[in-house]
Amino acid sequence: MGFYISFSGILTFNKAEEIREVAGFAPADKVLVETDSPFLAPTPHRGKINEPAFTAHTLARLAEVRGVSTKEMAAQTTQNTLRLFSRIESAI
């Protein structure tokens with residue numbers, strides 16, 4: 001269908017097994033990480049004010065779920081983000 005799927009800090013919550021299941025099979029070229037700042041901070045910052053720097057925790061958990069290194073997941077999500085925003089920019 002061509003859509004992207006973005007994962008927030010909720011991916012790191014203990015009871016978010018269904019979200020992690022989706023994260024495990026979503027196409028690698030369509031996966032992103034995001035912040036819901038100032039809400040929904042990932043574990044280990046849960047209950048605190050969220051901030052963009054905390055996406056590193058979400059990324060690490062996404063990498064773990066997908067069975068790849070954090071470095072590889074960062075490269076993939078960066079590439080995906082750049083591709084998505086170049087599409088948006090060209091549509092304007």
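Up top is the structure.
Residues numbered from 1 in each chain as written. Predicted model: local features only at pLDDT ≥ 70, side-chain atom pairs only at ≥ 80, totals over all residues. Heavy atoms only, no water.

Peer 1: Which residues make up the side chain of N80, and what values go with them?
Peer 2: Tracing the backbone through its elements, the reader meets N80 in helix α3 (residues 70–91). Polar side-chain contacts of N80 include one of 2.9 Å to the side chain of Q76. Separated by 3.0 Å, the side chains of N80 and R83 make a polar contact. (Helix = DSSP H or I, 4+ residues; strand = E, 2+ residues; numbered from the N terminus. Polar contact = N/O pair within 3.5 Å; in protein donor to acceptor, adjacent residues only side chain to side chain.)

Peer 1: Talk me through α3; I want residue IDs and the actual numbers.
Peer 2: End to end, α3 covers 32 Å across 22 residues, agreeing with the expected 32 Å (1.5 Å per residue, within 8%). Among the residues making up α3, those that are buried are M73, T77, N80 and L84. Take α3 and look down its axis: the buried residues cluster within an arc of 60°, on one side only. Residues of α3 that are exposed and angled more than 90 degrees away from the buried face: K71, L82, E89 and S90. Check the buried side of α3 and you find it contacts β2 (31–33) and α2 (55–66). (Expected span 1.5 Å × (residues − 1). Buried < 20%, exposed > 50% of the residue type's maximum accessible area, 1.4 Å probe, protein only. Arc of directions from axis to C-beta. Contact = heavy atoms within 4.5 Å.)

Peer 1: If you had to explain the pattern of salt bridges to someone new, which residues and values would you point to?
Peer 2: A full pass over the atoms with the stated rule returns two salt bridges. With a shortest N-O distance of 2.8 Å, E17 and R20 are connected by a salt bridge. Remark: R20 and E17 occur in helix α1 (residues 17–25); sequence separation between them is three residues, near one turn of the helix. In this structure R20 comes out as buried when scored by relative accessible area, which is 6%. (Salt bridge = Lys/Arg side-chain N within 4 Å of Asp/Glu carboxyl O.)

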